[in-house]
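Commentary on secondary and tertiary structure
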Amino acid sequence: MMILAIDSISERPGAALWRDGIIAVKSPSPSEKVPRASDRLLPFVSELLEEAGARLDQLDGIALTAGPGSFTGIRVGLALVKGLLFQRTLPVAAVSTLDLLADLESAALPSVQLRKTEWFLALSGETRSVDAETWRALTSGRDVILLGEAPTNHQARINRVVDSLARTVARMGAEKIRQGNGVPVEQVTPLYLRNTYVA
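Residues numbered from 1 in each chain as written. Predicted model: local features only at pLDDT ≥ 70, side-chain atom pairs only at ≥ 80, totals over all residues. Heavy atoms only, no water.

**Regarding the side chain of T97**
In this fold, T97 is placed in helix α3 (residues 97–104). With residues near it in sequence (within four places) discarded, T97 still touches I9, G67, P68, V112, L147 and L165. (Helix = DSSP H or I, 4+ residues; strand = E, 2+ residues; numbered from the N terminus. Contact = heavy atoms within 4.5 Å.)

**Observations concerning the sheet that holds strand β1 (residues 2–7)**
Spatial ordering of the open sheet is given by β3-β2-β1-β4-β5, a layout of five strands whose pairing is mixed. Two strands in the sheet have a free side with no partner beyond their single neighbour: β3 (22–26) and β5 (92–96). Ignoring strand direction, the axes of neighbouring strands in this sheet form an average angle of 20°. Against the sheet, helix α5 (residues 166–178) makes contact with β1, β2 (14–19), β3, β4 (61–67) and β5, and its axis sits at roughly 45° relative to β2, the strand it touches most. (Pairing = 2+ DSSP bridges. Axes fitted to C-alpha atoms, helices over the stretch in contact; angles between N-to-C directions.)

**Considering α5**
The end-to-end C-alpha distance of α5 is 18 Å, a good match for the 18 Å that 13 residues give at a rise of 1.5 Å each. Listing the buried residues of α5 in full gives A166, T168, V169, A170, M172, G173, A174 and I177. Turning to α5, the residues buried within the fold contact β1, β2, β3, β4, β5 and α3. One or two positions beyond α5, positive phi appears at G180, with a value near 80°. (Expected span 1.5 Å × (residues − 1). Buried < 20%, exposed > 50% of the residue type's maximum accessible area, 1.4 Å probe, protein only.)

**What to know about the environment of D7**
By the secondary structure assignment, D7 is in strand β1. Here the alpha-carbon distance between D7 and V76, two residues 69 residues apart in the chain, equals 9.8 Å. In contact with D7, other than residues within four places in its own chain, are R12, P13, G14, L41, T65, S164, L165, A166 and V169. A polar contact of 2.4 Å, which involves the side chain of D7, links it to the side chain of S10. At 2.8 Å, the side chain of D7 and the backbone nitrogen of L165 are in polar contact. (Polar contact = N/O pair within 3.5 Å; in protein donor to acceptor, adjacent residues only side chain to side chain.)

**Points about the environment of R157**
Mapping R157 onto the fold places it in strand β10 (residues 157–160). Residue class for R157 comes out partly exposed when judged on its relative accessible area of 47%. Along the backbone, R157 and G141 are 16 residues apart, and their C-alpha atoms lie at a distance of 6.7 Å. Once residues within four sequence positions are removed from consideration, R157 is found in contact with G141, R142, D143 and V144. Of the polar contacts made by the side chain of R157, one reaches the backbone oxygen of G141; its length is 2.9 Å. Within the local environment of R157, its side chain forms a polar contact with the side chain of D143, the two groups lying 2.8 Å apart.

**Points about the sheet that holds strand β8 (residues 126–130)**
The sheet built from five strands is open, its strands ordered β8-β7-β6-β9-β10 with mixed pairing. The open sheet has two edge strands, β8 and β10, and neither has a second partner. Ignoring which end each strand starts from, the neighbouring axes of this sheet average 25° apart. Along the sheet face, helix α4 (residues 132–139) touches β6 (109–115), β7 (118–123), β8, β9 (143–147) and β10 and points at about 30° away from the line of β7.

By themselves, these are just geometric observations and shouldn't be taken as functional.
Structure below.
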């Protein structure tokens, strides 16, 4: 089985190719100026397929980060997948950013910064959108795995994610597709999680 994975919302957006458990990743190097996701993701995809000697029509599915996170990043990733699947039918696995973070560090609270004054936080099985004051209160003294920046004067123990999540997207997406949980790209719903979830 061969799955292409797109991570368009990390600080260093990237792509990965999962092929029977072996994962190849393309993302900006630590010394490289971080590009816009829209500028680099398609070249990363092309490089991955070329180096694997593979074609788009040989894929068994595509996985992508569906949010929550940057509105622009989410839209860029989904637009890229729709473009790749133009006149093609493949299952798509939409992977939640908070699930990705929890997978990286299961004992920590997953959190994603949306704007300077808004964060998403997964707490006790519930996803909440909170302001800085609430974030500090809910995370005080706890371990947090964070995509983005933390509020000032916090009391949390933070592991901040700066690398691409493409490898984890590939692994989790491949598992979803293998279990039959992929959907047509038209049915992929971005996870914006706005006002309805505000604490």
